[in-house]
Number of protein chains: 2
Amino acid sequence: MSQAPPGGYSARMIVVTGRVRIAGSSRDRFVEVASEMCRLSRDEQGCGGYRVYGDLERPEHYVFVEEWADEDALQRHFAEPHTARFLGALGELLDGPPDAVFHTTAASRRLVPGQGLVPVD
Amino acid sequence: MSQAPPGGYSARMIVVTGRVRIAGSSRDRFVEVASEMCRLSRDEQGCGGYRVYGDLERPEHYVFVEEWADEDALQRHFAEPHTARFLGALGELLDGPPDAVFHTTAASRRLVPGQGLVPVD
């Protein structure tokens, strides 16, 4: 069973790491709004993946990992009502400035046992 | 306080998402070996970040998020004794095939409030 995003990978896709810090007292509410955001975003056209994770070393730190097929898909995502709703809710939960970085890829490789790093698409 | 990797971002850096599935019964051991791997890797030259996170929606799923300055740094990382040791330990804990994808970046942008997506470096 592969855990790759259903949309696969391609050059010029956009990989996002969105890091946030949330106080322990806000964790339950954060999990609720973040999980809803993930579900709604994964249903968007051009979304190859959208997940939220908690840091195993630092309990108040979280990261969103997203994959978007191209810039158009990302811009449509920004224009979605659920994105605005999420950012509003998130703003009230943050315990420090967020750091969302959007990487446009030149190439991607996958680690394949016995073969090393193999180009994807 | 910025949560950006201490090494910053640059074009042609390598962003890694390493996804694994670990049974609940192996979680404690996984957290132990993964945390050690993160600490040792962050000390390597050219490592801009190396963190492990647990999926908030799917308890048995985890992701490593890594940033490497360039291909040389990544290859040195593969040659480290602690990398071999970690991969050996991880192999005994996996509950399904891992999926490690290595993205070489063409450009990176950061979301800045009021300014939108701003080029990094």
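Note: the structure precedes this text.
Residues numbered from 1 in each chain as written. Chains lettered and ligands numbered in written order. Predicted model: local features only at pLDDT ≥ 70, side-chain atom pairs only at ≥ 80, totals over all residues.

This part covers the relation of the copies chain A and chain B. The two copies are related by a screw motion: chain A maps onto chain B through a turn of 180° and a shift of 0.0 Å along the axis, at an RMSD of 0.0 Å. The relationship between the two copies is best expressed as a two-fold rotation axis. A share of 100% of the interface residues of chain A reappears at the interface of chain B, consistent with the copies meeting face to face through the same patch. (Least-squares fit on C-alpha atoms with pLDDT ≥ 70 in both. Contact = placed C-beta atoms within 7 Å.)

Turning next to the pairing of strand S1 (residues 14–21) of chain B. Residue and element names in this part refer to chain B. With seven of eight residues buried, S1 is to be regarded as a mostly interior element. Two elements, S1 and strand S3 (residues 61–68), share eight bridges in a ladder whose sense is antiparallel. Bridge pairing links Arg-21 to His-61 in S3. Here S1 runs beside strand S4 (residues 99–112); their pairing, made up of six bridges, is antiparallel. Paired with Thr-17 across the bridge in S4 is Val-101. (Buried ≥ 20, exposed ≤ 12 C-beta atoms within 10 Å, placed from the backbone. Helix = DSSP H or I, 4+ residues; strand = E, 2+ residues; numbered from the N terminus. Pairing = 2+ DSSP bridges.)

Turning our eyes to something else, we now look at the interface of chain A and chain B. Taken together, the contact pairs 39 residues of chain A with 39 residues of chain B. Every element with two or more residues in the side of chain A that touches chain B is listed here: strand S1 (14–21), helix H1 (27–42), strand S2 (47–55), strand S3 (61–68) and strand S4 (99–112) of chain A. With 13 residues, the top contributor of residues to the side of chain A that touches chain B is S4(A). Considered class by class, the residues forming the side of chain A that touches chain B number 21 nonpolar, 10 polar and eight charged. One ladder, built from nine bridges, connects S4(A) with S4(B); its direction is antiparallel. What sits directly across from A:Phe102, in S4(B), is B:Arg109. (Nonpolar A, V, L, I, M, F, W, Y, C, P; charged D, E, K, R; others polar.)

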